[in-house]
Amino acid sequence: MRVINFNAGPAGLPLPALERAQKEFTELGNSGMSIMEHSHRGKDYDAVHNEAIALMRELLDVPATHDVLFMQGGAHLQFSLIPLNFLPQGKSADYLTTGHWSKMALSEVKALGGMVGSVREAVNTEVDGKFTRVPKQSEIEIDAGAAYAHYTTNNTIYGTQWHYTPDVGNVPLIADMSSDFIWKKFDVSKYAMAYAGAQKNIGPSGVVVIIARKDFIESGRADLSKTLKYSTYAKANSLFNTPPTFAIYMVRNVLAWVKEMGGLDAIHARNLKKGEILYGALDAMSDFYKSPVEKESRSYMNVVFRLPSEELEAKFVAEAKENGMVGLKGHRAVGGIRASTYNAVSVENIEALVAFMEKFKKANG
Ligand SMILES: *Cc1c(COP(=O)(O)O)cnc(C)c1O
């Protein structure tokens, strides 16, 4: 029996996307073989690859100025490839620090040392080793000469999310959208680059989706090996070398499901409703469940909260599991409870969690 999956990543996938894969697992169409057994240079794979890109372009209204790419190495490799391509020696880049992953992105630039330019923090919202909010626009100090500005749209571990796009003037804006990609539409034209590891909201691990402005990609430094340059993947329609064909196939299935659900406006409405129900419950039971996150910064993808003691938190996780709900343990860096409520989590799943929370509070409060 399938459980209600609140995992942070890899995370739950929409059942119709999985069932479609199950149906096509040993034979894709009438092709005589699985998607995994097809050449990435053949027409059968090509159709899946291009459909995934076309669906992405359609759902997000990606303008003709931008390319959609598939790469490997997780979001982590992007932390290095971005400065290697776009931060030449002598230049400086701005990083907006709002959580674990934005810190990691920054530390990877620093680790490259003299191979790239320098970095500065345009803002940092850490207080006493914790992040509980994203900054206001007025707190962000952008260097007008920066090579680019990098931020993380949703802080997966701390449960905070940007609800506006930071204004960085004419500086190219780059976003790690790994944990809230396609939770709703966004204005792609504002971004020089947006990237997301698939395993949170759009598919299995093994592929990263990159949406980037063509002229920005072309502006990248030329003296790198082919594998390290975005322009290589852009020129080859992400078929420079063997792409993760099965992961891209699953992204296609998930995007087809999003379209069937009514597209990103419908998905957004569903996500807002889920957030309303869950945060509403947290607010109504705030004498027992405590949200450490500033209200305006609440994430609709990762909802974190604390119970009166760590013992009760452990009991909560264990009893939730007995009730068919898994993945509720907070990240080891922060503890507590985290319910990751990505697109595959339904309103009914959230209602089941809230009913459990009410019961648990009554028995233990
Ligand atoms: C999970 C996550 C990452 C790390 O992704 P990998 O694919 O494991 O490298 C980076 N950024 C954010 C925002 C994440 O949620």
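Placed above this text is the structure.
The rules behind these values
Residues numbered from 1 in each chain as written. Predicted model: local features only at pLDDT ≥ 70, side-chain atom pairs only at ≥ 80, totals over all residues. Heavy atoms only, no water. Helix = DSSP H or I, 4+ residues; strand = E, 2+ residues; numbered from the N terminus. Buried < 20%, exposed > 50% of the residue type's maximum accessible area, 1.4 Å probe, protein only. Contact = heavy atoms within 4.5 Å. Areas by Shrake-Rupley, 256 points an atom, 1.4 Å probe, with all protein chains shown as cover. Salt bridge = Lys/Arg side-chain N within 4 Å of Asp/Glu carboxyl O. Core = buried A, V, L, I, M, F, W, Y, C linked by side-chain atoms within 4.5 Å. Polar contact = N/O pair within 3.5 Å; in protein donor to acceptor, adjacent residues only side chain to side chain. Pairing = 2+ DSSP bridges. Axes fitted to C-alpha atoms, helices over the stretch in contact; angles between N-to-C directions. Near = heavy atom within 4 Å. Nonpolar A, V, L, I, M, F, W, Y, C, P; charged D, E, K, R; others polar. Parallel < 35°, antiparallel > 145°, perpendicular 65-115°, else oblique. Left-handed = near helix turned anticlockwise from the far one by under 90°.

Any chance you could break down the overall build of the protein chain for me, citing the residues and the numbers?
Within the protein chain one finds 10 helices and 15 strands. Judged by the C-alpha coordinates and their principal axes, the protein chain covers about 65 × 55 × 30 Å. Within the protein chain, the proportion of its 365 residues that are buried is 55%. Across the protein chain, contacts joining residues at least 24 apart in sequence account for 71% of those joining residues at least 6 apart. Per element, the accessible surface of the protein chain, about 15,500 Å² overall, is 52% carbon and sulfur.

Break down the pattern of salt bridges for me, with residues and values.
All told, the structure shown has 16 salt bridges when counted by the stated rule. Residues K259 and E58 are paired through a salt bridge, measuring 3.2 Å at the closest nitrogen-oxygen approach. Taken as a pair, K259 in helix 7 (residues 245-260) and E58 in helix 2 (residues 43-60) lie far apart in primary sequence, 201 residues in all. Taking relative accessible area as the criterion, E58 reaches 44% and is therefore assigned partly exposed. The salt bridge partner of D94 is R120, with a shortest N-O separation of 2.7 Å. With D94 in strand 3 (residues 92-97) and R120 in strand 4 (residues 118-124), this pair connects stretches of sequence that are 26 residues apart. Note on D94: relative accessible area 0%, which makes it buried. Through salt bridges with shared partners, a single network forms among R20, E24, E51 and R252.

Please give an account of the nonpolar core that cites residues and values.
Ranked by internal contacts, the top residues of the largest apolar core, which has 55 residues, are M56, L60 and F181. Here the element with the most residues in this core is helix 7; it accounts for 10 residues. Counting 31 residues, the second-largest nonpolar core is a separate cluster that includes F79, L87, V116 and I210.

Just give me the short version of the environment of K290, but keep the residues and values in it.
Residue placement: K290 occurs in the loop between helix 8 (263-284) and strand 13 (302-305). Spatially, the C-alpha atom of K290 lies 8.8 Å from that of V304, the residues being 14 residues apart in sequence. Setting aside its immediate chain neighbours within four residues, K290 contacts F305 and R306. In this structure the side chain of K290 is engaged in a polar contact, spanning 2.6 Å, whose partner is the backbone oxygen of S286.

Break down the sheet that holds strand 11 (residues 193-197) for me, citing the residues and quoting the values.
Paired through backbone hydrogen bonds, the strands of a sheet run either parallel or antiparallel to each other. Here we have seven strands laid out as an open sheet, ordered 2-12-11-10-7-3-4, and mixed in their pairing. The open sheet is flanked by strand 2 (66-71) and strand 4, the only strands paired with a single partner. Direction aside, neighbouring strands of the sheet carry axes that sit 20 degrees apart on average. Bridge count for strand 3 against strand 7 (residues 149-152) is two bridges, and the pairing is parallel. Among the inter-strand pairings, Y95 is bridged to a residue of strand 7, identified as H150. Its contacts with the sheet put helix 3 (residues 74-86) on strand 2, strand 3, strand 7, strand 10 (173-176), strand 11 and strand 12 (208-213), and the angle it makes with strand 11 is roughly 155 degrees.

How would you explain the site of the ligand if you had to name every residue and give the values?
In the region of the ligand, 13 residues are neighbours, and H76, T156, D176, Q199 and K200 sit closest. Within the side chain of D176, one N or O atom sits 2.7 Å away from a nitrogen atom of the ligand. Residue K200 places a side-chain N or O atom 2.6 Å away from an oxygen atom belonging to the ligand. Protein chains shield 87% of the accessible area of the ligand, which is 390 Å² for the free molecule. Of all the elements, helix 3 adds the most residues to the shell around the ligand, at four residues. Tallied by class, the residues present in the shell around the ligand amount to three nonpolar, eight polar and two charged.

Please give an account of the packing of helix 2 against helix 7 that cites residues and values.
The description of two helices packed together rests on the angle between their axes and the distance between the axes. At a closest axis distance of 9 Å, the pairing of helix 2 and helix 7 adopts a crossing angle of 40 degrees. Here helix 2 is positioned oblique relative to helix 7, judged by the angle of their axes. Two packed elements cross with a definite hand, and for helix 2 against helix 7 that hand is left-handed. Each of Y45, V48, H49, E51, A52, L55, M56, E58 and L59 in helix 2 lies in contact with helix 7, whose residues at this interface are T245, I248, Y249, V251, R252, L255, A256, V258 and K259.

I'd like a description of unusual backbone geometry, backed by residues and values.
Residues apart from glycine generally show negative phi values, whereas peptide bonds are mostly found in trans. With an omega of -5 degrees, the peptide bond between G9 and P10 qualifies as cis. Along the chain, the position of P10 falls in the loop between strand 1 (4-5) and helix 1 (15-24). Non-glycine residue D61 carries a positive phi angle of around 50 degrees. Within the fold, D61 resides in the loop between helix 2 and strand 2. Notably, S238 is not glycine yet its phi reads approximately 60 degrees, a positive angle. Position of S238 relative to the elements: it lies in the loop between helix 6 (230-235) and helix 7.

These values are about where atoms sit, not about what they do.
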